Amino acid sequence: MPTQHQANLDFLSYKEFDVTTLSGLKAALKWLKTTDADELHYGEPTGDPFDRAAGEMRRSMLIHSVQMEILKY
């Protein structure tokens, strides 16, 4: 069973970030800090207020996973 950390990295890979390279992780981190919360889900943004709120909750977990991977370099 994958960990939340791995699930976060899988999500970023789905969003086409190369989480196996430092440059890919840095790009993901920049995107996570600036993108609309509605983009932090699988699929297309819906504009739904619940999706936006859930995306904001996910943002810090995703950023944490990227920062933990960056520390490996």
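No experiment lies behind these values; they were computed from the predicted model shown. (Residues numbered from 1 in each chain as written. Predicted model: local features only at pLDDT ≥ 70, side-chain atom pairs only at ≥ 80, totals over all residues. Heavy atoms only, no water.)

## Remarks on the pattern of salt bridges
Here is step 1 of the chain: All chains considered together, the criterion is met by 3 salt bridges.
Here is step 2 of the chain: A salt bridge links R59 to E56, with the nearest nitrogen and oxygen atoms 2.9 Å apart. On the criterion of helical spacing, the pair formed by R59 and E56 is a turn pair, its members being 3 residues apart in helix α3 (residues 49-70).
Here is step 3 of the chain: The partner of K72 in a salt bridge is E69, with the nearest N and O atoms 2.9 Å apart. (Salt bridge = Lys/Arg side-chain N within 4 Å of Asp/Glu carboxyl O. Helix = DSSP H or I, 4+ residues; strand = E, 2+ residues; numbered from the N terminus.)

## Focus on the nonpolar core
Here is step 1 of the chain: Ranked by internal contacts, the top residues of the largest apolar core, which has 14 residues, are L12, W31, L32 and V66.
Here is step 2 of the chain: Every element with two or more residues in this core is listed here: α1 (4-14), α2 (22-34) and α3.
Here is step 3 of the chain: Looking at which element gives the most residues to this core, the answer is α2, with 5 residues.
Here is step 4 of the chain: When near neighbours in sequence (up to four residues on either side) are disregarded, W31 contacts L12, K15, F17, E39 and L40. (Core = buried A, V, L, I, M, F, W, Y, C linked by side-chain atoms within 4.5 Å. Buried < 20%, exposed > 50% of the residue type's maximum accessible area, 1.4 Å probe, protein only. Contact = heavy atoms within 4.5 Å.)

## Some points on the packing of aromatic side chains
Here is step 1 of the chain: Under the defined criterion, the tally for this structure stands at 3 aromatic pairs.
Here is step 2 of the chain: A ring pair is formed by Y14 and Y42, whose centres lie 4.6 Å apart and whose planes are at 55°; its orientation type is tilted. A residue pair is termed long-range when its members are at least 10 positions apart, and Y14 in helix α1 and Y42 in the loop between α2 and α3 qualify at 28 residues.
Here is step 3 of the chain: Considering the side-chain rings of F17 and W31, the 5.3 Å spacing of their centres and the 45° angle between planes classify their relative orientation as tilted. With F17 in the loop between α1 and α2 and W31 in helix α2, this residue pair connects regions lying 14 residues apart in the sequence.
Here is step 4 of the chain: In this structure F17 comes out as buried when scored by relative accessible area, which is 17%.
Here is step 5 of the chain: An aromatic cluster of at least three residues, connected via ring pairs, comprises F11, Y14 and Y42. (Phe/Tyr/Trp six-rings, centres within 6.5 Å; stacked < 30°, edge-to-face > 60°.)

## Points about α3
Here is step 1 of the chain: Taking 1.5 Å per residue, 22 residues should reach 32 Å; α3 reaches 32 Å between its end C-alpha atoms and fits that length.
Here is step 2 of the chain: Along α3, the sharpest kink reaches roughly 30°, centred on R58.
Here is step 3 of the chain: Summarising the contacts, the buried residues of α3 are in contact with α1 and α2.
Here is step 4 of the chain: N-cap assignment for α3: the residue whose side-chain oxygen lies 2.7 Å from the backbone N of F50 is D48. (Expected span 1.5 Å × (residues − 1). Bend = angle between axes of the 7 residues up to and from the residue. Polar contact = N/O pair within 3.5 Å; in protein donor to acceptor, adjacent residues only side chain to side chain.)

## Observations regarding the packing of α2 against α3
Helix packing for two helices is described by the angle between their axes and how far apart those axes are.
Here is step 1 of the chain: Two elements in contact, α2 and α3, have axes separated by 10 Å at closest approach and are oriented at 160°. In terms of axis orientation, α2 runs roughly antiparallel to α3. Viewed along their axes, α2 and α3 form a crossing whose handedness is left-handed. Where α2 approaches α3, its residues L22, L25, K26, A28, L29, L32, K33 and T34 are matched on the opposing element by R59, L62, I63, V66, Q67, E69 and I70.
Here is step 2 of the chain: Within the contact of α2 with α3, the residues separate by chemical class into 9 nonpolar, 2 polar and 4 charged. (Axes fitted to C-alpha atoms, helices over the stretch in contact; angles between N-to-C directions. Parallel < 35°, antiparallel > 145°, perpendicular 65-115°, else oblique. Left-handed = near helix turned anticlockwise from the far one by under 90°. Nonpolar A, V, L, I, M, F, W, Y, C, P; charged D, E, K, R; others polar.)

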